[in-house]
Amino acid sequence: MGIFWLKISEIKTQIRSNRASQQPKKMESRGQETEFRIPKIGIYTGKGASHSWLWFVEIFERLGFYNLCFLTEFDLVSDSLEKVDVLAVSGGDTFAIAEALGPQGARQLKTFITRGGLYLGSCAGAYLPLNSSKEHLNHFNFVPAKITNLTKTLPEAHGMREKFCTCYGCSFIFHAVREAVEVTTSGLPPFGESATFTAPLYGGPPMTVTNPASVMATYTAFTDKTLFLVDRKLAENTLLGNAAVIREKMGHGHLHLYGPHFEHPHFSKANLFLADAMMWDMPHQTAQTANPEDGMNILSGSEKQRFIRDFKRELSNSRIVAAGLEMLPLKWTIGSKVYETGKIRVFLEALWQRIRSFEKERLILVRADQNDLLVQTALHVTKSIRQIKKGWDQKADTLKTATLLFNLLNKTSALFLEIYFRSKLFHTDSAEVGARCIVPLLRRPGQFGKIEYEGSYGQIKKMVA
Amino acid sequence: MEYLASDKIAIVDLNTGDITEDELDEDLVLDKIGGAGITKHLYDQHAADNPIVLGTGLLTGTLVPGSSLGIMTAKSPSTGKVSHVPLNLDAGIELKYSGFDYIVIKGSADKPVYLWIHDGILDINDAGDLWGKDTWAATDHIRDEMGDDLIQVLSIGQAGEKASDLAQIGINYWQSADRSGFGKLCGEKNLKLIAIRGMGLLEISEPEAFVEDCAELIAAIRSNNTTQKQGIAAVSTALGEEDLGDWLAPLTHRHMACFNTPVATNTFIFTDEDPALLEETTVTEPGFLLTDIFPLVALKKAGLSAKDAGLVLKACAKYGIDGAAVAELSAKSGLTSPEEIEKTFPDLKGPVESAGKSVFSPWAAVGQGINADWERQQAVAYILGLHPIWYQMATELTEEKLLDLAGLGTEMEFTRETLDEVIGDILA
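The rules we used
Residues numbered from 1 in each chain as written. Chains lettered and ligands numbered in written order. Predicted model: local features only at pLDDT ≥ 70, side-chain atom pairs only at ≥ 80, totals over all residues. Heavy atoms only, no water. Helix = DSSP H or I, 4+ residues; strand = E, 2+ residues; numbered from the N terminus. Rg over C-alpha atoms; globule rule 2.2 N^0.38 Å. Buried < 20%, exposed > 50% of the residue type's maximum accessible area, 1.4 Å probe, protein only. Contact = heavy atoms within 4.5 Å. Areas by Shrake-Rupley, 256 points an atom, 1.4 Å probe, with all protein chains shown as cover. Lys, Arg positive; Asp, Glu negative; His and termini not counted. Charge placed at Lys NZ, Arg CZ, Asp CG, Glu CD. Phe/Tyr/Trp six-rings, centres within 6.5 Å; stacked < 30°, edge-to-face > 60°. Expected span 1.5 Å × (residues − 1). Bend = angle between axes of the 7 residues up to and from the residue. Polar contact = N/O pair within 3.5 Å; in protein donor to acceptor, adjacent residues only side chain to side chain. Pairing = 2+ DSSP bridges. Axes fitted to C-alpha atoms, helices over the stretch in contact; angles between N-to-C directions. Buried area = accessible area lost by both parts, 1.4 Å probe. Nonpolar A, V, L, I, M, F, W, Y, C, P; charged D, E, K, R; others polar. Core = buried A, V, L, I, M, F, W, Y, C linked by side-chain atoms within 4.5 Å. pLDDT = per-residue confidence, 0-100. Patch = residues over 30% accessible without salt bridge, like charges linked within 9 Å, V, L, I, M, F, W, Y side chains within 5 Å. Salt bridge = Lys/Arg side-chain N within 4 Å of Asp/Glu carboxyl O.

**Student:** Can you help me understand the overall build of chain B in this one?
**Tutor:** Summing up its helical and strand segments, chain B has 17 helices and 14 strands in all. For 428 residues, the compact-globule estimate of 2.2 N^0.38 gives 22 Å, and the C-alpha radius of gyration of chain B, at 20 Å, lies within 12% of that figure. Based on the C-alpha atoms only, the size of chain B along its principal axes is roughly 55 × 55 × 45 Å. Residue burial in chain B is summarised as follows: out of 428 residues, 61% are buried. Contacts in chain B between residues at least 24 apart in sequence constitute 68% of all its contacts with a sequence separation of at least 6. Surface summary for chain B: the accessible area is close to 15,600 Å², and the carbon and sulfur share equals 47%. Side-chain charges of chain B comprise 31 positive and 68 negative groups, with the mean position of each set lying 8 Å from the other.

What follows is the structure, given as C-alpha cells:
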C-alpha cells in the first residue's frame, strides 16, 4: 500500500515509530557500548539575529542533526528552552538581542544552562553572555571573560568604516580584521590533539580568561584572505594569542563561545570542531519533547503540491526582485548592524536550495494553519522587496521597509525550516540519521581510534582502531 | 532529460486556465534534438487547438558563442505555414533558465491575460490593466509591478489587440523579426504578453570538455574578421545588404549584442535628441534600439532619413506592428513622413511580400540570399538555439562541431542523419 493511501491513524502510528527511532541508540565498538542520541537543537532567529543563523542550519543538516527548532525572543522568555538540549545563537546585533530577551530571557537562559543545557554562542551570540555593565547586557553576566577589542580611543579605520566599530557606552568595540583567520585549538580535554585551521571572523570577540583550561582555541595568525580594518600591528595585538573559542561550565551545563563563525559552511574543519565540542557537552538527559502529532496536519497529494507551489511562487518572485536590488548601491543601518541588499538573498537562497528536496517529501507535516501562514508571510516578503525597489526608483527612504523586511525574512525562514525539518525527520530513515550523527562522537580521542573522512563535510571513509 | 534542460514542458490551456506539466522525454530530444525541432513537434501534437509554442534550442544559454535564441512557433496568419520567429536579445536565455524547456499555449482566454513564467512557475494573470497599452507602457507596467528590470517581455501592442494581420510580438521595447503575424494570434487568444525571468541553472554532462571546446571556438572566432563588424549597419553590409554605415553613423549612440553573441547586431540611435548634445538630457527616452535589418534597409531605400526611419520603427515597435510590412506598404503609397506613416497603422492590411515564403523570418528583403542553404542554416540555428544572423556569419560553427557540443552537453549522440531528418520535418 502506498503512503498516500494511509489513513491518518496509520500515519500517526508511523510518526510514533519514527519518533521512537530518534530515541537513544546503542553503538557497539571494540566490545564497548556507547549511548548516543540526536540532540534537539534550538536556533535563535528572533530580534537582533542576522542571516548567520542559517549557517548553523546548514551545518547541522549536513551532519544529520535534523531535530531543529527555531526560537524567537518570545519563545526564549517562555518555557521553550525546556524542550531543547542545545541553544545556538549566531551573529547579529548583540544589543538588540539582549534588549529583546530582557531580564526574563536572561533568567530563562541561566536556568537552561545550569540545568544542563548547552549554549552555543557565535559572534554576537558570544558577546551576549560575557560580563558587561551596559544596560540590557548586564542581565547576562554569565562568563567572566574580557574582550580585547574594547577601546576608549578609536583607532584609525583602514576600511569598511560602517562595519569597523560599534559604540559601547563611553567606549567602542572595534573590529580589527574580517574574513578568514587562522585559529589553533588548545588540545586540552575533551580534545586530545591540537589542530590549526581557518574560520571567518565577522566582528566576533577576541577574549581573555583567567582559567587557561577554558580556552578551546586561540587566534594564531592571519591568512591571505584576512581583510585588515585597522593597522596590522594593532590587529596582531588585539587578536593573536587571545582566545577565539572558550568553554565555560555553569551549573550542570556549558557555554561554548566562538569569536569566529565556526558554523560558516565553507569552513569544514571548524564545523567539525564545533560539532565535536557540542556532542561532548550535550546534556545527558533528553529534553522534553512534545508529541509530534499534536495539532498536526498532514499534507499530501494535490494539497501538498498546491502548498509548495504557492510558497515557491512567492519565493521566486522575491528572489527575482532581490537579485535586481543587488545591483543598486543600497544598504541600511538597522540597530547597530549594517545590512546590504545581498543579505536578502542569503535568506531566500537558503530556502530555495531546499525546495526541490521538500517537493520530493511524500508528506508534509504542518501545525494548524502553518502552511497558509507561511505563504502569507512569503507574500509579504515579496511585497516588501518590491516596495524597496519602488522606493529606490522614487528616491524615497526605504529604511522602515527594510527593517520590516529583515524581520519577515527571519520569520519566513524559520517557519519554512521548521516545517522542512519536521517533515524531513519524519521521512528520514533512522539508520541514516544515526550514521551521520555518530561522526562527532566517534572522534573523541582515544575512545574509538581515529576517523578518516572523505569529502569536505566529514562522510566517514574509514575508522582506524 | 537531465542535461541542458529543466526537464519540463508546460501545456497552458487559456480556455480553462489549466496548466499541466510534462517531463521532457530523452527520446524526444534524441529524435528532434531541440528548438524548432521540438516546437514543431509540439505544435503538430496540439495543432487542433491552434497553439503557440515557445521553446529554446538545445545549446541556448550555454557558452557556445551566439547561443541566444528562443523560438516561437505557430501557424502564421500571414502565410498559413507553421512558422518560427526568433526571440533574441535576452528573451531566449531567460526562457532557457525559466524552469521550462517548452511552453504550449492553447485556446483563448475569455478576458485579457498575461503569462508570468519564472523559476518553474507559470502563472496566468489578469491583464485588464494592460489591454490598450502600447508595448512600451506594457513592458514598463510589468517590470514596475514585478520589481525587476531584467524581466523579458514578449508583448503585443494595439495592432495585436485589433487582430491586424501585420501585428508583431515585440521583445521588451523593441521589434522582433516576427513577420508571421504572431501578434495577431496573441491578440485572438486575449494574450497581452508573456513575461519571463529565469534564475535557474543548467547541468552539463561533461562540463570541462564542453567549456574547453567553447573556449577554443571563441579563440578561433576572435581571429575572424567578422567579429570586427559591430552594429546593425556593419552586419548589414557584411551580409551583402545595403550599406547603412554613412547613413546611420551621425545618429549612432552605441551597439548592443544579444546574449553571448560575439557580434553586436543591434544599434541604439538618437531619434529624439540632438546627437551632438553635450549636457545632461531632459528627454526621457532619447533614442531607439534598431534590432531588425529588414525594415531599416527598406525605409532607407524608400528615401527616408535615418532619423525618420528610426522614428517610424519606434512607432511600429510601440504599436506592435511589423516594421518591414509598414515599410513595404508605405513605400507603395509613397509616404515618407513618420507622422503620416504612423497614422496609417490602424488600417494597414496585408498581404505583404516581406512575410516571405520560408518558415523562418527573413532578416533581409525577399529574394536576396533566401535559398536552400539559407534555410538549412536558419534551421540549424533554430534547432540548436543560435543567433540566426550570427550563425550565418560564423563559419567556425560547423554543424559537426555543434553536434559534438550538443553531445558533450547532454551525454547523448546526435548524428548528421538525425539533424537532416529534423530539418526535413521543419521545412516540410
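**Student:** Would you explain the packing of aromatic side chains in this entry?
**Tutor:** Each aromatic ring pair is characterised by the separation of its centres together with the angle its planes make. Tallying each qualifying case throughout the model produces 29 aromatic pairs over all chains. Their ring planes at 45 degrees and their centres at 6.2 Å tell us that A:Phe95 and A:Tyr168 sit as a pair that is tilted. Separated by 73 residues along the polypeptide, A:Phe95 in helix H4 (residues 94-114) and A:Tyr168 in strand E9 (residues 165-168) bring together distant segments of the chain. Arranged with centres 5.4 Å apart and planes meeting at 40 degrees, the rings of B:Tyr319 and B:Phe345 form a pair that is tilted. On the criterion of sequence distance, the pair formed by B:Tyr319 in helix H11 (residues 306-319) and B:Phe345 in the loop between helix H13 (338-344) and helix H14 (372-384) is long-range, its members being 26 residues apart.

**Student:** Please explain H4(A) as it appears in this structure.
**Tutor:** Within an α-helix, residues lying three or four positions from one another point in the same direction, as the helix has 3.6 residues per turn. Residues and elements named next belong to chain A. Over its 21 residues, H4 extends only 22 Å from the first C-alpha to the last, a length that falls short of the 30 Å expected when each residue adds 1.5 Å. The largest bend along H4 reaches roughly 90 degrees and is located at Gly102, with the proline Pro103 sitting one to four residues downstream. Structurally, the start of H4 carries an N-cap: the backbone nitrogen of Phe95 is 3.1 Å from a side-chain oxygen of Asp93. At the exit of H4 stands Gly116, carrying a positive phi of roughly 125 degrees.

**Student:** Help me out: how do you make sense of the sheet that holds strand E11 (residues 191-197) of chain B in this one?
**Tutor:** The strands that make up a sheet are held in pairs by hydrogen bonds between backbone atoms, and each pair lies either parallel or antiparallel. All names here are of chain B. One open sheet holds the five strands; their spatial order is E8-E7-E11-E9-E10, and the pairing between them is mixed. Whereas interior strands pair on both sides, the edge strands pair on one side only; in this sheet they are strand E8 (121-126) and strand E10 (170-171). Relative to E11, strand E7 (residues 113-118) runs parallel, the two being bridged by six bridges. For Ile117, the partnering residue across the bridge sits in E11 and is Ile196. Across the sheet, helix H4 (residues 135-146) touches E7, E8, strand E9 (152-155) and E11, and the angle it forms with E9 is around 140 degrees.

**Student:** For this particular structure, what's the right way to read unusual backbone geometry?
**Tutor:** The phi angle of most residues is negative, glycine excepted, and most peptide bonds adopt the trans form. All names here are of chain B. Backbone torsion omega between Gly350 and Pro351 reads 0 degrees, so that peptide bond is classified as cis. Looking at the element boundaries, Pro351 is found in the loop between H13 and H14. Here the phi dihedral of Asn50 falls at roughly 45 degrees; this positive angle occurs in a residue that is not glycine. In this structure, Asn190 takes a positive phi of about 60 degrees despite not being glycine. Relative to the elements of secondary structure, Asn190 occurs in the loop between helix H6 (182-188) and E11.

**Student:** Quick question: what am I supposed to make of the environment of B:Met393 here?
**Tutor:** All names here are of chain B. By the secondary structure assignment, Met393 is in helix H15 (residues 388-393). Separated by 197 residues in the primary sequence, Met393 and Ile196 place their C-alpha atoms 29 Å from one another. Contacts of Met393, omitting those with residues within four sequence positions, involve Asn224, Thr226, Val235, Ala238, Leu239 and Val263.

**Student:** It is not clear to me how the interface of chain B and chain A should be interpreted in this structure. Could you clarify?
**Tutor:** By a frequent convention, interface size equals the accessible area lost on bringing the separate parts together. With 17 residues of chain B at the interface, the matching set in chain A holds 17 residues. Between chain B and chain A, the buried area comes to about 1,500 Å², and carbon and sulfur atoms account for 50% of it. On the chain B side of the contact with chain A, B:Asp119, B:Ile121 and B:Met199 bury the most area, a combined 34% of that side's loss. In this structure, the connection of chain B to chain A is made through nine residue pairs in polar contact (both at pLDDT 80 or more). Of all the secondary-structure elements, those providing two or more residues to the side of chain B that touches chain A are E7, E8 and H4 of chain B. Classifying every residue of the side of chain B that touches chain A gives six nonpolar, three polar and eight charged.

**Student:** For this particular structure, what's the right way to read the nonpolar core?
**Tutor:** Residues B:Met72, B:Ile103, B:Leu154 and B:Ile194 are the most contacted members of the largest nonpolar core, which totals 133 residues. Element by element, the count of residues in this core is highest for H11(B), at eight residues. With residues near it in sequence (within four places) discarded, B:Leu154 still touches B:Leu54, B:Met72, B:Leu87, B:Ala91, B:Ile169, B:Gly170, B:Ile171, B:Lys192, B:Leu193, B:Ile194 and B:Ile196. With 130 residues, the next largest nonpolar core counts A:Leu81, A:Phe140, A:Ile147 and A:Leu325 among its residues.

**Student:** Explain the sheet that holds strand E12 (residues 252-256) of chain B to me, please; I cannot follow it from the model alone.
**Tutor:** All names here are of chain B. Taking strand neighbours across the sheet as the criterion, the three strands line up as E12-E13-E14 in an open arrangement whose pairing is antiparallel. Strand pairing shows two members of the sheet lacking a second neighbour, E12 and strand E14 (287-290), which therefore form its edges. This sheet shows a mean twist of 20 degrees between the axes of neighbouring strands, independent of strand direction. Here strand E13 (residues 266-270) pairs with E14 via four bridges, running antiparallel.

**Student:** Would you take a moment to explain the side chain of B:His46 for this structure?
**Tutor:** With respect to the helices, strands and loops of the structure, B:His46 is situated in the loop between helix H2 (36-45) and strand E3 (52-56). Excluding anything up to four places from it in sequence, B:His46 contacts B:Ile11, B:Pro51, B:Val104 and B:Lys106.

**Student:** Explain H2(B) to me, please; I cannot follow it from the model alone.
**Tutor:** Counting buried positions along H2(B) gives seven out of 10 residues, so the element sits mostly inside the fold. For H2(B), the set of buried residues is B:Ala36, B:Gly37, B:Ile38, B:Thr39, B:Lys40, B:Leu42 and B:Tyr43.

**Student:** Which parts of the structure should I look at to understand the confidence of the model for chain A?
**Tutor:** Predicted coordinates in regions of low pLDDT should not be interpreted in detail. Residues and elements named next belong to chain A. Residues at a pLDDT of 70 or more form 80% of chain A, whose mean pLDDT is 83. The secondary-structure element of chain A with the lowest mean pLDDT is strand E23 (residues 459-464), recorded at 39, while strand E6 (residues 118-122) shows the highest, at 97. pLDDT under 50 marks residues 434-465. Its contacts with residues more than four places away, or in other chains, come to 81 contacts.

**Student:** Looking at this structure, how should I read a negative patch on the surface?
**Tutor:** All names here are of chain B. Together, Glu2, Asp22, Glu23, Asp25, Glu26, Asp27, Asp31, Glu203, Glu206, Glu411, Glu417 and Glu421 make up a region of like negative charge exposed at the surface. Secondary structure elements with two or more residues in the negative patch: helix H1 (26-32) and helix H17 (416-427). With three residues, the single largest contributor to the negative patch is H1. Within the secondary structure, Asp31 sits in helix H1.

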